[in-house]
Structure formats: structure tokens, C-alpha cells
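The primary structure of each chain is shown beneath.
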Amino acid sequence: MFLGLAPVPALAAQAGDVTVQQAWMRYLLPGLPAGGYLVLVNNSDYPAVLTGARAAACASLMLHQSMNMGGTAMMMPVASVPVPAHGQAELVEGGYHLMCMAPKMKIGETLAVTLDFGDGSTLAVNMPVYGPAGAP
Ligand SMILES: [Cu+2]
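Presented here is an overview of the structure given in this document. (Residues numbered from 1 in each chain as written. Predicted model: local features only at pLDDT ≥ 70, side-chain atom pairs only at ≥ 80, totals over all residues. Heavy atoms only, no water.)

Turning to the coordination of the copper ion, a few remarks are in order. Here the copper ion is held by His 64 (ND1), Met 75 (SD), His 97 (NE2) and Met 99 (SD), and the distances to it run 2.1 to 2.2 Å. Around the copper ion, the four donor atoms are arranged such that angles at the metal cover 96 to 119°; this shape is classified as tetrahedral. Each donor residue of the copper ion belongs to the same chain, and together they define the spacing H-x10-M-x21-H-x1-M. Within this pair, whereas His 64 is found in strand β4 (residues 60-69), its partner Met 99 is found in strand β8 (residues 96-101), the two being separated by 35 residues in sequence. Each member of the pair, His 64 together with Met 99, is buried. (Donors = N, O, S within 2.8 Å, 3.2 Å for Na, K, Ca; no water. Tetrahedral: all angles 85-135°; square planar, octahedral: opposite > 155°, others 65-115°. Helix = DSSP H or I, 4+ residues; strand = E, 2+ residues; numbered from the N terminus. Buried < 20%, exposed > 50% of the residue type's maximum accessible area, 1.4 Å probe, protein only.)

Right, dumping it as C-alpha cells:
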């Protein structure tokens, strides 16, 4: 037995340990990006990392973060969103969110989205498409 070896770091919990709540898209107009919102809940002892998202209905589906810069609301792309162990990541208005560029969707549809995690695992999410006012 090799007792002196350092333990291999446990792989972070990824898609299999993460559940999705409150998923929805806000669709405005064909020429405007559509925001995507959801809450990721990590049920495991290890952190997970959301590294990307894809949907056939979006030319690209980016991870964004809204922030307030000297009183001006701005958003910028981010490379990843952490989901703490036994915690959650909220992709909500004013914070992290998904941004669907060149959206091809209609209000009332359900959008099929694939979430990518840091270990290469994926999670399929169905996101109802709502209008500017959000959930009815
Ligand atoms: Cu955005």
C-alpha cells in the first residue's frame, strides 16, 4: 500500500448532482438578445462550475453578469458561474444570466437548453419562453 500519497482531489460534483429550478427565458424581439434565468442547486459535497450553455434557438448562448458601474447598469460576459457545495447559483435579473443572441423563439414555447459543466458533463433544461413581463 502507498500510504504516503496525497489524496487525489475529489472531482467536483457536476451535472449529476445539480438540479435546476425556476428556469425561463425573457423574449423581447427577434433582433434583441433574450435573457435566460434559472437557479442551479448543488446537492453534493463538492463545488460545481457552470462553464457554458447551448441552444439551437440561439446563435450563441452566453454566460453574462449584470453589474452596476457608477450608477450605470452594465453586463459583461463571464467564463463561468460557481455553484457552491450544498449551495446554489442564482441566474436572475440583475445578476448572472444567460444571454441568447439572435433568438429564434416564440412566447409560449419551451426552449431546449444544454448546460455545460466544468468536468465535461452536461444538463438538459427545458426553459419556458415568456414575454417582457416574465412569468404570467
Ligand atoms: Cu446579458
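In total, this model carries two salt bridges according to the counting rule given. Notably, a salt bridge pairs Glu 93 with Arg 26, separated by 2.8 Å at the nearest N-O pair. Placement of the pair is Glu 93 in the loop between β7 (88-91) and β8 and Arg 26 in strand β1 (residues 18-26), with a sequence separation of 67 residues. Of the residues examined, Glu 93 reaches a relative accessible area of 46% and is grouped as partly exposed. When its relative accessible area of 16% is taken as the criterion, Arg 26 is described as buried. (Salt bridge = Lys/Arg side-chain N within 4 Å of Asp/Glu carboxyl O.)

On to the packing of aromatic side chains. This model, assessed by the stated rule, comprises two aromatic pairs. Three or more aromatic residues joined by ring pairs form one cluster here, namely Trp 24, Tyr 37 and Tyr 130. (Phe/Tyr/Trp six-rings, centres within 6.5 Å; stacked < 30°, edge-to-face > 60°.)

Once that is clear, we can look at the environment of Ser 60. You can see Ser 60 is positioned in strand β4. The exposure class of Ser 60 is partly exposed, given its relative accessible area of 31%. Along the primary structure Ser 60 and Pro 103 are separated by 43 residues, whereas in three dimensions their C-alpha atoms are 8.7 Å apart. Setting aside anything within four residues of it in sequence, one finds Ser 60 in contact with Met 99, Cys 100 and Met 101. (Contact = heavy atoms within 4.5 Å.)

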